[in-house]
Each structure stands twice: as structure tokens, then as C-alpha cells.
Amino acid sequence: MLDPTLTDDLRRAVRALLDAPLDLATNAEKAEVLRAVQDAQDRLDGIKAMTLEAFAQCGGPEDDGAPTLKAWARRTLRLSATEAGKPTTAGRTLRRLPAVREALAEGRVRLPHVHEFSSGLVKAGEEIISLGTDYLLSVAESHEPAALREEVRAWIDAIHPDSLDEAYIRGMDKRDLQVSRVGDGYAVNGFLDIPTGAKLKTVLDSLGSTSDRDDRRSPAERRLAGLDALLAAVLEHGLPTRKGIRPQLHVTVDLDRLRGDAAAEPARLQGWGVIGDRLLGSLLCDADVTGILTDGFTSGSLPQASVLNVGRSERLATPAQRSAIMVRQGGRCGNPGCDHTTLEIHHLDWWVRDLGLTDLDRLVGLCARCHHLVHAGRLHTRSAGDGTTFFSLAGGTPVPDRRRTTRHLARERLRLLRALVAEPHDAAA
């Protein structure tokens, strides 16, 4: 028998928070309320998912005169079929993956993360996902659900590496593009293969980014404006440029992978993700190849700096430095938690105030808004001495960046898995 005071206490706590004078709270107090509410909401979402699934399993809807759980939820909880279905599926996932259930109960992951585990169970089966649960949880605890989705795919691809090129080949067979006049404009329909779609996304991301920190246009408005600018520029004089850097499709791949090491991380296509070796070979046929060092340090500086550093001879970062910073940061703003992709290069030692150097390990890529926060004194940066950057708030509080450490550990685990999967092939050869 469940103690009814538990739910009564929950309702009273929520009522008290609703009645609290939140508009009089300080920003620090509001931030604490938001953290506490998010933590409680994540755990309550887990309780709802597990209870809905258990309610359905025990015939609860039928006892209450409803033919299905979705019908009962629609009538009693005012939930749509989708809103009831996804938590129920998550409840089954939590029952099948106890470690995920424990992480949700402790507030380390959220229900949207559980949905990604549910998707993985459907695509790969319980055995494969169970093998990677610890690794995937380490990603979920410091990443948003979309990043976990990418890692679930990476885990499946590491066990079934041939699936990467199978997707590329299937996509080539489905290519189609139609532009038809409809009503007051044109309808664009079709399907782009991976290389073509990645090229279009790269160009639109560059042209459709926020123009400054006050740009309030929606993403759809920026994309359409970017497409219009692209077409106008092509008709007039070729592709536009941005700060001297042409929008380019980037593929990053470890040297070990090019040498045939099956355990090395697969190539990654900007705007798409991990790709197979056949697609990589196709893209390399007519590509410019630039060597960029991303690991290994000497005397606290990047070895690559001896080639790319320009000291005080140049104020602005060179095109080569911008490319190196883009790869080093994965194309995203260096401020932890910010995923903007259009970057301005910031001197960690300011050019005028500190007589800073335009050297690779003294530069960081920031989006326009985060760059403004730095120069407004609300965000502080300093070099970590290894090509990375520490961020802190005005009071000295560090901005946490668990993502970098977690991603490094996750990559190491995937490398070990790929090596194990590759061993039978090596033995057969």
C-alpha cells in the first residue's frame, strides 16, 4: 500500500513554490529554483514513466473502464496518444536497463535521454545496448539527448561497421529533388544523399547564422535568407565568403584510420556525423588535405604552433589558424554548453589591453554572443596550457565542462570496441 501522504506532500510543495514571490528573488536564487525544479521534474518524469508502464501491465486502464492505456491517459490525465505512449515505452526501457533506471532516479539523466535508449533498443536489440550501457550513460550524464543519439549510433556502428557504407549506398539510390510552383511560391521536395546534404547544410549554416548578438530571427528565417543570398551570389559571381573563409565541407579523420587501422575513430563529416570508409574514399578523391595536430604537447604549447603562430605580426587569426581552431573545437563555440557554430576568434590575452599574441594556443573560437559576454566582463577566459580554455563567471566561479572529459573517455571505449570487432577480420585475412 502506497502512503498517500507522499503525493499530498508533493502537491503542497508545488503549491508553496507557485505562491513564492519569485519575481523578488535574486538571479542566484532564481537559478537555484530552476536547478531544483529541473531536477525534480526529471525524477518525476521517471516516476510517471515507470508508473504508467506498471499501470498498463497490471490492467489498470481496464479496471477504470478504459480499453487501452492511451485512452485512459487521454481521458484522465489529458495526455495525447503520443504523450502517453512515449513514457510507457520509456518505462519498459527502464525495466530492461536497470542502470539507466538508477541514473534517472538519481537525477543524472533525463527522460529524453531514456527515449534515446529506447530507440537504441529498437534498432540494435537489448544485447548490444546492454553492452554499451555504462559508456552511453557516461555520455548522457554530460550531454544533451541529441548528442546521446549520435553516440548510440556510434556504438551500433562500431559493432556493425559495414552499416556506415550501407547507409551511404542506400542514400545514393534514393536521391531526388523537385522544385514545383505551388500557390504563392515554390515547394521543395526530395531526398539528398549524405555528401550533397552535408554540403547544403554547411553552406546554409554559414549564411544563415546569427549576424550579431541582437539578431532575433528564427532559424527558419535565417536559413531562407541564407538560401536566397546563396542563389543570388551564385548567379552574380560565385559563392560568398565570410571573414575571408569560404564555406567548405570539412571531413576530419585520424591519420591511423587513413593508414588502415580499423580501431581508429571513423571519419566524421561536418553536418552529418560518422561516415564509412567507402564514402571517405569518394570524398578524398577531389579534396584538399590539411594536416592538423590535435593531440600531443611540448612545453605546454601546441607543437603545431611553430607553424601557425604569428605573434604580433598579425592581429586577426589567419585562415590556417581558423581551420585549426574549428577542428580543435568540433566547429562549436568554446563556451561550455553553447553549441553555436559561427565563430569569431578571441585573443585569450587581449590584443590591445594585454599585448596578446596571435598564437594558436592563445586563441579560442567564440560565437558572437559569448564573445560579447567576454568583452562585457561577464565571462572570463584563460588558457589551460594545452590548447584548451578555462571559462569562469565574473565572481570566479568556473563554468563546468564535463563534456570534454566524458567525450575523451567515450572515444577511448569505442576505440577498444572497434579493435575487438576488427580482430576476427584481421585473423581471417
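As a starting point, this report considers the structure included with it. Not measured: the values here are computed from a predicted model. The residue numbers shown here count from 1 along each chain, following its written sequence. Local features in this predicted model are restricted to residues whose pLDDT is 70 or higher, and side-chain atom pairs enter the listing and the counts only when it is 80 or higher, whereas totals over whole chains, interfaces and linings include all residues. The basis for the side-chain values is all heavy atoms of the structure; hydrogens and waters are excluded.

1. A look at the nonpolar core
The condition is simple: The criterion is simple. A nonpolar core is a set of buried Ala, Val, Leu, Ile, Met, Phe, Trp, Tyr and Cys residues joined through side-chain atoms within 4.5 Å. Exposure classes here rest on a 1.4 Å probe applied to the protein chains alone. A residue is buried below 20% of its type maximum, exposed above 50%, and partly exposed in between. Strands are runs of DSSP state E lasting at least 2 residues, helices are runs of H or I lasting at least 4, and numbering of each runs from the N terminus. The contact criterion used is simple: two residues touch if any of their non-hydrogen atoms lie within 4.5 Å.
Grouped together as the largest cluster of nonpolar side chains are 31 residues, with contacts concentrated most on Phe117 and Trp155. When contributions to this core are tallied by element, the ones reaching two or more residues are helix H2 (27-57), helix H5 (81-96), helix H6 (98-105), helix H7 (111-124), helix H8 (126-131), helix H9 (133-140), helix H10 (145-159) and helix H19 (402-428). Broken down by element, this core gets its largest block of residues, 7 residues, from H10. In this view, phenylalanine 117 contacts Thr93, Leu97, Val100, Ile129, Leu136, Leu137 and Leu148; residues no more than four positions away in its chain are not counted. Counting 12 residues, the second largest nonpolar core, distinct from the first, contains Leu366, Cys370, Leu379 and Val399.

2. Describing the pattern of salt bridges
Selection rule: Whenever a carboxyl oxygen of Asp or Glu lies within 4 Å of a side-chain nitrogen of Lys or Arg, that contact is scored as a salt bridge.
This model, assessed by the stated rule, comprises 18 salt bridges. For aspartate 39, the salt bridge is made with arginine 43, and the minimal N-O distance between the two is 3.1 Å. With aspartate 39 and arginine 43 both in helix H2 and 4 residues apart, the pair spans about one turn of that helix. Between glutamate 116 and arginine 149 there is a salt bridge, with its nearest N and O atoms 3.1 Å apart. Of this pair, glutamate 116 sits in helix H7 while arginine 149 sits in helix H10, and the two are 33 residues apart along the sequence.

3. A short note on the packing of aromatic side chains
Note the threshold: Between rings of Phe, Tyr and Trp, where Trp is taken as its six-membered ring, a pair exists when centres lie within 6.5 Å; planes separated by under 30 degrees are stacked, by over 60 edge-to-face, and by other angles tilted. Here, a charge over a ring is recorded when the distance from Lys NZ or Arg CZ to the ring centre is within 6 Å and its angle to the ring normal is within 35 degrees.
As enumerated under the stated definition, the model contains 2 aromatic pairs in all. Residues phenylalanine 55 and tryptophan 72 carry aromatic rings whose centres are separated by 4.6 Å and whose planes lie at 50 degrees to one another, so their mutual orientation is tilted. Placement of phenylalanine 55 in helix H2 and of tryptophan 72 in helix H4 (residues 69-77) is noted, with a sequence separation of 17 residues between them. Over the face of the ring belonging to phenylalanine 191 we find lysine 174, whose NZ or CZ atom lies 4.7 Å from the ring centre.

4. Considering unusual backbone geometry
Of note in the backbone geometry, arginine 78 takes a positive phi value of approximately 60 degrees without being a glycine. Its place among the elements puts arginine 78 in the loop between H4 and H5. A positive phi is found at leucine 355, a non-glycine position, where the angle reads about 55 degrees. Look at leucine 355 and you get exposed, because its relative accessible area is 56%.

5. Quick look at the sheet that holds strand S5 (residues 273-274)
Basically, it comes down to this: Should DSSP find at least two bridges between two strands, the strands are taken to pair.
Spatially, S3-S4-S5 is the arrangement adopted by the 3 strands of the open sheet, whose pairing is antiparallel. Here the strands that pair on one side only, and so sit at the sheet edges, are strand S3 (251-252) and S5. With 2 bridges joining them, strand S4 (residues 268-269) and S5 adopt antiparallel strand pairing. Opposite arginine 268, over in S5, you have valine 274 as the bridge partner.

6. Quick look at helix H15 (residues 277-284)
Put simply, the test is: Of all possible arcs, the one meant is that of the directions from the helix axis to the C-beta atoms.
Considered for burial, the residues of H15 that qualify are Leu279, Leu280 and Leu283. Mapping the buried residues of H15 onto a view down its axis gives an arc of 105 degrees, with all of them on the same face. Where H15 is buried, its residues touch helix H11 (162-173), helix H12 (194-207), S3, helix H14 (255-258) and S4.

7. Quick look at the environment of aspartate 162
Note on placement: aspartate 162 falls in helix H11. A relative accessible area of 55% places aspartate 162 in the exposed class. In this structure, the C-alpha to C-alpha distance between aspartate 162 and arginine 278, residues 116 residues apart in sequence, is 9.8 Å.

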